[in-house]
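# Descriptive structure summary
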Amino acid sequence: RVLQNSRSTNYETFFHHHHIIIIMLSSWLFRSMAARPWPYMLIIPCVLIVFIAVGWTRDDLIEEEVYNIWTPTGSAFAKDKQYLIDLGVEESTVTTFAAMAIARDGENLFTESRLEEIRLRMEQMEATMIEFKGNTYTWEDVCNTNSVGLGTTYQFPCIRISMMDLFQESRWYFTEEDRVTWYNEVIRKLLVKPRVPRFGIMTQVCTTNASPLSQSSACDRTVALRTNEAYAVSQGFSKDYAKPLLLLSDIGNLEMNHECKICIEDNFEATMEQLTLGTKSAFGVLFLELKRLMAVTDDTDLAKLTKQVGTVAATVDRAAVEEWYSYYVVRGLYAQLGAADYVDKYAGVMVNLTVPCLLVTKDAAMCPDTVSEAEAKTHLVNHADNAFSSVTTAGAPFPFWSNGDGTGALFEGTFPVGGSGIDMSGAILSAMAYLDVRNYNTPAWNPLYDGYVDPLTPGTNWTKYVETDPVFRWHLAGVTPMDSHCGNGNLTGTNLTNDQFGLNGATAEGLASASRKWCTPYSTPVGEDGSETQQHFAKMFYDLLVDSPSFLDITQGKSDPYDWTNGNGCDYDLGGVRFPYTNMNESSILYNASRVLYNVDEGVSAGAVDRNVLMGGATPAVGDYNYNNPLREVTVIQSVYPALGRLLIPNRVKNCNRPGGSINITADEAEAVLEKFKEAFEDSWTVGWDDPNAGEVQFVGFFDDQGGTIGTTGRMLKDITLDNGQLTMISIILIAVISAVFLFSFDVIHSKVLVTLIGVSLVVISFFGALGFGIICGIKINVNIAWTLPFIILGLGVDDMYIVLLALRNRRSFTSEVFIETMNEVLVPVTMTSLVNAAMFAVMNFVDVPAVYLTAQMALISVIFLYFTVILCFPAYCYLDMKRQAAGRYDVAVCLKRPQDEADDEVNAPPHESFLYTRVYKPLVLDKGVLAAITRAIIVLGVAALIGVGSYGITQRKVGLGLEDFFPSFSQAHAWAAETTETLGSWSIRVRWGEADYTDPDTQLFIMRQFEQVVETPHVAETDTKFLWLASFNVWMSRHCTANFDREDPDVLECGMDQVFPMDNSTCSAFWLPNKYNAREKNFGDGEQCVVFEGGVCRPASQMHPKDQDTLGINAENPGNSSWCPVFAEFSNEKLQFCLMRFNNFTRGGGDLLEAEDTATANPQCKGEFYNDAMIETPLLYSASPPLFTFELYEHQDYLDMIEQTRAVCDDVERLRCWVGGIPQNYWEQYLTVENTLLKASSAAIGVGFLVAFFFLLTNLKQEGQHENKKIVAGSALGALLIALVCIISLVSVVGISVLLGVSITAFSMMSFLLSIGFSIEFSVHIVHRYIKAPQSLDSPVERVEFAMSFLTLPTLLSFVSSTLGVACLAFTDFEFNDIYFFRPLITVMLVTYFVGCWFVPVLLTFLNIDALKCGSTDLKRDEMVDEVPKENAVEPPPVPEMPKEKDID
């Protein structure tokens, strides 16, 4: 009813009633407190102690994640990360360690001694072990990848990326077991197995007149370039290009649209199908015919043969046929590729053996000096078909011995030594003709035998067609037992009975040295006979033949990717080596290192390794050096060690192959293991980093905070956050001592040391209780809270305590009525102070940087807790202290009492005059003398200087701090960060997409192009589009799919077009659309030039598959310049799910697509391993690119440029939810908006400060009711404007000076800058308020200022000193980061705001003779009373309800 009335009298009535209600409540409170102080003394401290006990004992009270304090939560980037959290996606399942090596002298690292020092340190670090709950964990337990397929976990070395991989010496981390795995799973399975049989197709089917099977000339040019030097040169290639063995590389590298590749693949599939069908049919019919013969013949040998044939017929499959064909091709390769070398070796051998040959044979025709290439091929084929030798399995192809098993005499026969033991010289599947398989069970059946097959007394046809059939012989050998072993014995020499020339010994010695030793420990059985099959030993021979120096020159168990390269990478030859640095001079090492860097698979899985993240201080720079412009210096190299995230470690350590046995742990235990391992790994690498005598190389490193646990930064944050304890204690002690000193009196009765110390203790308990409550509410203690609030909030808390104590001290009466009256008077200023502080911290909650708003939330809780402590608890102790004084008891020593005969002269004495005011402040500032005039001029000039310096400093501002600023200068992490910033400037990022219509072809094109646009930005390193899951998926569904090349099961085709969706019998097929977004085309290179980066997946019309050209109407002869990209369309969610699951299963997929939990099939052979067949969740809500690397990020602006450039083509594009994330975004995201955020937050804080001051003044002045409303409103507005002006001056000065002191604009410094507004208001609002409320009898501005400062000089000084002492403690921190971003700005805040608020404002007010600012009391009595107590808002208390009579408290 009152509010609805707009008349002035009603407003006055409202304010009067409002004031009466407040006074009644506060009087009741403090009367109750005086009557029963103990509950007030104990309840709040007990509650606070509970909060401390509960909150501060939690395990996760410290914020260790940089992202959680650093990245603006209101940014689109933060919202995108929250999107992942909502989907249940753990952003990173991988965490990495960057192991940096720096030349201590700043010179070249690529010297033998320094590289060896690095190698030894890597070896030492990779041997790191930790103990956790009784189990020992090694690097193999946590590294990201240590397998090359199912069943090989722990049997392959942990993959890392390092410049050291350029050098052969890095092979040390391959154990013998690892080498065996690499040989079996990579060389055999991925190189030999798919390429050798296709080599047969290439040379026998797809080359003109190569064999009777020749059907095409598609591969004529390809084969000629590799086998004919003259032709290669004529076609613009070098002579060295003509290497026949490199046809194996070509088979894998040819494009799927190349006519030779098409011929090979089409005929390979057709040939394998025909051979499989023919083999199954031949053995099936033969088995039936043998069974028919068995019905009329009882013969043991026949029964045995029938059983063997039946076994083959029942078990032979395509895999077995492909295997046979592969060995059959090897047999041919032996002759084809080895003939030229054989001719040379034969001539070389006969130089020494012609005379012995003549002496033994006595026939010159038996001892030719040379052989032709045709003869050489015959000799080599005969060797392959010869008997297996357990004496010397490698044997020799020369036809010199009397026996082929290695026991014959030299030159006494025409046998070679050794061989496969299976003669495959006959016609393939000739048995089909013998059996007339095609017409079996038809009237036209006409086999080449009469009545029954005749294996017992073999007729001519059985021998001709069956026994010589290589298919029959091979597969039958697979079920024919044989006892033998692999032998590395010597070839035998002559065996003359009359050895008058000593030939036997000479030839034996010579051939012993020439004997080849092919057998390895893995050629089982080796050394001693074992029971296997004839086929087993034939495979052994051919496998060793392929491995021999004549072919691949590789040794199982000894060779590895460092001394045998597979030729997939540029500058890496098939069977080549990575260069050694041992015994090499510096220039040679640098030259050999000037090549493309690949991981051990030479780029198959991830392409060339980006060297920007691995090498710094390079001359020429990365990207500019090559063999023609080789390296001249490298001062920094870095190795990257990827490790598993915590969620993946439990499955790793339960693996059946784990050394020491599998173990079961939880994800939480895995997190603890990973965190502990990160620290141990880092410590192992960085040993002696700060010891200049610890070698030529300095080792520093950084483990990121990914993978679900903290790393280097997280540990640093934890250490820094927890390191404030000592300084906080010192600050508390200083505040207590200073407070006690100011409130000490030599009159031990009126001294207030004890109650002051109690007050400080309550403030401390209240502060830590508030932090405990915040922790319980989910606010973790971050570095900003730890290094700001203890040194600010404690000061603010004791400020309110000072107001209470000084008000009570100025009263010389100790009655409860005086206590109640005094507390009613101080309630308003204390409330005002708390309200201002709370408002400032509340405003900071609008800043979306967690370091600011979380600190502000904790500060707001602290202000509230302190307010209630000062108002509801501390006065009770003060009242008891008054009773102590009334009882004449000493301060501190309360058991002592003043003698009764000593008078208390001060009980009724006037209040103490402030020594500081009367002897210092007033003479310096307010007197009329020259000194005061000079002081005022200095103050005004000082403020002008502050504004000028501050304004200039703001123009010099820098945004952001780097990692090197985070880490203490005495830490190895600081050295790593500084070197990274200076020479490397590279980080990993990823492009991510949210929910989209992935089945829309246009969306697919857009996503692929969007990925490419990110890659094309100036600070992102090159990456092929094919590594983007969507591009790879679309290519997999096209005719350019290569998955069928090395498929796991020969019977299962693995390309998308071969996958039939069961619901509608459609296939997972892509088609081609015009390249409407100008996406990158694939780079095909030209001739000899190796293509390091392939670019995109789109293709020009000329490079389309012929069938696609036909479909699209492209003229193959004149295809034009059109460009086409693979896409798919009209896939239902079910079909998309089906195709993606097949894609993942066959190619390992990618894209981090969401998978249904627990749907992957466990490997039944080994727990802890799973097939790649988990159910993909559709529609797709999330996908990601492969890791990308940024480079040349040396300055903060470089980071901001990179973020803005990638954002322009991803995040800012409205069509799709796309975002780029990584460590650069986590750390530098806030710097994009920090200046704007500071401006907005400062404006809001000043605006709120203005409003708070205005309503405080308005409300307080209205309570007096002695002036017109218009004057009160004007006075309040002018006062608030003055306070706002002070805020602006302080803010400009603090920001500018801080910048000049080396403080950058960051979330940490922003907190301090905003605090300057709060302190400005706190200092100035009381002065302006007291000035306005000065008695009307004080007319001049100087008198009114004297009135204000006579009381406020001491409390404002106490407030300044207590807060400044707390901040000053920060100067003694060991962390430079704390010094720069906490001490410097905060000490500037304290000095500037005190100077402006308590010195400039009074001087300014002396010049403002404005009537609206004179709203004080006109009551003379009230004017006289005004100095008795600090009653800034004093009014006569109304009558209050009668309370119980107070008890006598002594």
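For the structure given in this document, a descriptive report is provided here. Given the structure is predicted, the values throughout are model-derived calculations rather than measurements. (Residues numbered from 1 in each chain as written. Predicted model: local features only at pLDDT ≥ 70, side-chain atom pairs only at ≥ 80, totals over all residues. Heavy atoms only, no water.)

Our focus in this paragraph is the environment of L1282. Considering the arrangement of structural elements, one finds L1282 in helix α41 (residues 1269–1300). With 48 residues separating them along the chain, L1282 and R1330 place their C-alpha atoms 13 Å apart. If near-sequence neighbours (up to four positions away) are discounted, L1282 is found in contact with L1404, L1405, L1408 and L1413. (Helix = DSSP H or I, 4+ residues; strand = E, 2+ residues; numbered from the N terminus. Contact = heavy atoms within 4.5 Å.)

By size, the foremost hydrophobic cluster in this structure holds 202 residues, and its most contacted members are F819, F841 and F1308. Sort the elements by how many residues they give to this core and helix α26 (residues 783–809) lands first, with 19 residues. For F1308, the residues in contact, after removing those within four places along its chain, are I69, W70, V783, N784, A851, F966, F1377, Y1381 and F1382. Residues L191, A384, F400 and L429 belong to the second largest nonpolar core, which totals 112 residues. (Core = buried A, V, L, I, M, F, W, Y, C linked by side-chain atoms within 4.5 Å. Buried < 20%, exposed > 50% of the residue type's maximum accessible area, 1.4 Å probe, protein only.)

If you walk across this open sheet you meet the three strands as β16-β18-β17, and the pairing is antiparallel. Lying at the two open borders of the sheet, with one neighbouring strand each, are β16 (1071–1074) and β17 (1099–1100). In this sheet, strand β18 (residues 1123–1127) lies alongside β16 in antiparallel orientation, the contact comprising four bridges. Considered in β18, the bridge of P1074 is made with W1124. Relative to β18, helix α34 (residues 1001–1016) is tilted by about 110°, and along the sheet it contacts β16 and β18. (Pairing = 2+ DSSP bridges. Axes fitted to C-alpha atoms, helices over the stretch in contact; angles between N-to-C directions.)

Along strand β13 (residues 988–993), five of the six residues are buried, which leaves the element largely enclosed by surrounding structure. Note that β13 and strand β20 (residues 1188–1189) share two bridges and pair antiparallel. Across the sheet, I989 pairs through a bridge with L1188, a residue of β20. Two elements, β13 and strand β19 (residues 1183–1184), share two bridges in a ladder whose sense is antiparallel. From the neighbouring strand, R992 faces β19, where its bridge partner is A1184.

Spatially, the four strands line up as an open sheet ordered β10-β11-β1-β12, and their pairing is antiparallel. Each edge of the open sheet carries a strand with a single partner, namely β10 (615–616) and β12 (697–703). Note that strand β1 (residues 94–103) and strand β11 (residues 636–644) share nine bridges and pair antiparallel. Across the sheet, residue V94 finds its bridge partner in β11, namely L644. The strands that helix α5 (residues 112–126) touches are β1, β11 and β12; relative to β12, the one it contacts most, it runs at about 40°.

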